[in-house]
Amino acid sequence: MFSDRLTKLVPPFLARMAAWSACLILVGVVVYVFAQVIARLSFVALPVAIALLLAALLYPLTRFFRGVGLRPIYATWLTMLVALAILGGTGWLVGARASEEFPQLTKQITATINNVRDWLLMGPLHLSEAELSNWTGQITNWISQQQAALTSTALAAGQVFVEILASIVLLLFVTFFLLKDGDRIWGWFLKGFGGMAPRVDRAGTAAWVTISHYVQGTVAVAAVHGVIMGIVLAGLGVPLWAALAVLIFLASFIPIVGIFFAGTVATLVTLGSVEPWKALVFLIVLIVEQQLENHVLQPLIVGRALNFHPLAIILVLAVGGIMGGIAGAVVAVPVAAVIYRALPELRHDPPQELPAANPSTPQELPAANPSTPQAPEKPAPGKPGVPPPEAAAEDVAASGKE
């Protein structure tokens, strides 16, 4: 009676809008509370999220080792050792090159600063020594004033370093057990959903496939980007080209913003260490290669897994960056892709296949053993005027006895 009274008082359209609004408000509250919990537990949530991405990247190698006959524990250990060897070798190469080329970079930057100073004095601006000294003094005073802030920042950086080290240890443990016991963990997780377990299983499978394609495709695109830019930097004679190539590779995991930052740093180093025209050449190559990556590599490798419009990616990055900073921008796109792929599997049942037999006929008996002879097929029961073969044989025998 109460609902009928409401229906009479409120138009149906307004009632539906109110119901949708209430549902959206409830979902918004749940998302907000969940985001606050994640932000509170960021020390644990961020390593776990990165461990999921690493597990999706390394699992094909673990599966290969299992396929050749290794036990899961040995396959996981071998996968982790291969990954650590690659990271350690890359770090050693970058560190060795940096230690050799850093003095040369310092000399070249000093020479570039002197050239800029001479140009300011002798060039079209015709600045005086007093003006340059005044600007230099202002910069020095600003650095002196910020010394206390820089010291406190260094102390805070030490604390952050300890937290990062602990996060790396947690990340390695989570990655190891995901590679070793991921299927068992997922099976244990599904037990808590009861009758919803098949839907959750399908949604989880779709999410895992999506995140695997995304991570593997992103690593491939970032590797191509870093290798090409490293070759260009080495060809132009830029010091620290290996470190800059690694920086470009790592920055490629942050869409749009990362490559802008890494490209700016590489361009400034090139401008300060070699001739200006070489910096211009590097900038042109960077822009052209970035366009090829966005319009060729990304759609071919990553686009099939995401199927996101660029506007959607920009909005997702903005929301992730506002809520979680750089880390939020890194995980925003894969999280949105996982939700986009998993929700349809979670909402709908799979299409049911129709039985091969005619529904009007009774259920068929199990198939006979192929080695035993099969009896001739019986006509459909209930067909008028045609008795079954057994009944016909009994009638003939009875008439013979009579």
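Residues numbered from 1 in each chain as written. Predicted model: local features only at pLDDT ≥ 70, side-chain atom pairs only at ≥ 80, totals over all residues. Heavy atoms only, no water.

Caption draft 1: Summary view of the overall build of the protein chain. Check the secondary structure of the protein chain and you find 12 helices and zero strands. Tracing the protein chain from N to C terminus, the helices and strands come up as α-α-α-α-α-α-α-α-α-α-α-α. Classification of the 402 residues of the protein chain by burial places 24% in the buried group. When the accessible area of the protein chain is evaluated, it comes to approximately 28000 Å², of which 72% is carbon and sulfur surface. (Helix = DSSP H or I, 4+ residues; strand = E, 2+ residues; numbered from the N terminus. Buried < 20%, exposed > 50% of the residue type's maximum accessible area, 1.4 Å probe, protein only. Areas by Shrake-Rupley, 256 points an atom, 1.4 Å probe, with all protein chains shown as cover.)

Caption draft 2: How the structure looks around the packing of aromatic side chains. Evaluation of the coordinates by the stated rule reveals six aromatic pairs. Measuring from ring centre to ring centre gives 5.3 Å for F176 and F177, while their planes differ by 85°; the resulting arrangement is edge-to-face. Between F189 and F193 the ring centres are 5.1 Å apart and the planes differ by 65°, which places this aromatic pair in the edge-to-face class. Judged by its relative accessible area of 39%, F189 is partly exposed. Owing to a relative accessible area of 34%, F193 belongs among the partly exposed residues under this scheme. (Phe/Tyr/Trp six-rings, centres within 6.5 Å; stacked < 30°, edge-to-face > 60°.)

Caption draft 3: Structural context of the side chain of D181. Relative to the elements of secondary structure, D181 occurs in helix α6 (residues 147-190). Note on D181: relative accessible area 13%, which makes it buried. A polar contact of 3.1 Å, which involves the side chain of D181, links it to the side chain of K180. (Polar contact = N/O pair within 3.5 Å; in protein donor to acceptor, adjacent residues only side chain to side chain.)

Caption draft 4: View of the side chain of T270. Looking at the secondary structure, you find T270 in helix α9 (residues 257-273). Side-chain polar atoms of T270 contact the backbone oxygen of A266, separated by 2.7 Å. Not counting residues within four places of it along the chain, the set of residues in contact with T270 comprises L233, V238, E275, K278, A279 and F282. (Contact = heavy atoms within 4.5 Å.)

Caption draft 5: Main features of the nonpolar core. Counting 15 residues, the largest nonpolar core has M229, V238, L244 and F282 as its most contacted members. Listed by contribution, the elements that provide at least two residues to this core are α7 (197-235), α8 (241-251), α9 and α10 (276-306). Apart from the residues within four sequence positions on either side, V238 is in contact with L233, L244, V269, T270, S273 and V274. If you look at the next biggest cluster of nonpolar residues, it comprises nine residues, including I211, V215, A329 and V333. (Core = buried A, V, L, I, M, F, W, Y, C linked by side-chain atoms within 4.5 Å.)

Caption draft 6: Geometry of α9. Across its 17 residues, α9 extends 25 Å between first and last C-alpha, which sits within 8% of the 24 Å expected from 1.5 Å per residue. Here α9 has its buried residues at G258, I259, A262, G263, A266, T267, V269, T270, G272 and S273. (Expected span 1.5 Å × (residues − 1).)

Caption draft 7: The arrangement of the confidence of the model for the protein chain in detail. Per-residue pLDDT for the protein chain has a mean of 74; in total, 66% of the residues score no lower than 70. Looking across the protein chain, the model is least confident in helix α12 (residues 389-401), with a mean pLDDT of 46, and most confident in helix α3 (residues 42-67), with 87. Low confidence marks residues 353-402, where pLDDT is under 50. Its contacts with residues over four positions away, or in another chain, come to four contacts. (pLDDT = per-residue confidence, 0-100.)

Caption draft 8: Region of interest: a nonpolar patch on the surface. There is a patch of nonpolar side chains on the surface, built from I25, V29, Y32, V33, V37, L41, F43, V44, V48, L52 and W208 and spanning about 970 Å² of accessible area. Elements with a minimum of two residues in the nonpolar patch: α2 (12-40) and α3. Residue contributions to the nonpolar patch peak at five residues, all from α2. Relative to the helices and strands, F43 is located in helix α3. (Patch = residues over 30% accessible without salt bridge, like charges linked within 9 Å, V, L, I, M, F, W, Y side chains within 5 Å. Salt bridge = Lys/Arg side-chain N within 4 Å of Asp/Glu carboxyl O.)

Caption draft 9: Spatial organisation of the environment of R66. Here R66 lies in helix α3. For the pair R66 and T76, spaced 10 residues apart in sequence, the C-alpha separation works out to 8.8 Å. If sequence neighbours within four positions are ignored, R66 has contacts with P72, A75, L179, K180 and D183.

Caption draft 10: Geometry of the pattern of salt bridges. This model, assessed by the stated rule, comprises three salt bridges. Residue K180 is joined to D181 by a salt bridge in which the shortest nitrogen-to-oxygen separation is 3.1 Å. Note that R184 and D181 form a salt bridge whose closest N and O atoms lie 3.6 Å from each other. Remark: D181 and R184 occur in helix α6; sequence separation between them is three residues, near one turn of the helix. Among the ionic contacts, a cluster of salt bridges with common partners joins K180, D181 and R184.

Caption draft 11: Representation of the packing of α3 against α7. Axis separation between α3 and α7 bottoms out at 9 Å; the angle between their running directions is 80°. Relative to α7, the element α3 lies roughly perpendicular. For the pair α3 and α7, contact is made by L52, L53, A55, A56, L57, Y59 and P60 and by W208, I211, S212, V215, Q216 and V219, respectively. For the contact of α3 with α7, the per-class residue count stands at 11 nonpolar, two polar and no charged. (Axes fitted to C-alpha atoms, helices over the stretch in contact; angles between N-to-C directions. Parallel < 35°, antiparallel > 145°, perpendicular 65-115°, else oblique. Nonpolar A, V, L, I, M, F, W, Y, C, P; charged D, E, K, R; others polar.)

Caption draft 12: Structural detail: the packing of α7 against α8. It is the contact of α7 with α8, at a shortest axis distance of 8 Å, that shows an interaxial angle of 155°. In this view, α7 runs roughly antiparallel relative to α8, as classed from their interaxial angle. Between α7 and α8 lies a crossing whose hand is right-handed. Along the contact surface, α7 presents V219, A222, A223, H225, G226, M229, G230, L233 and A234, while α8 presents W241, L244, A245, I248 and F249. In terms of residue class, the contact of α7 with α8 is made up of 11 nonpolar, three polar and no charged. (Left-handed = near helix turned anticlockwise from the far one by under 90°.)

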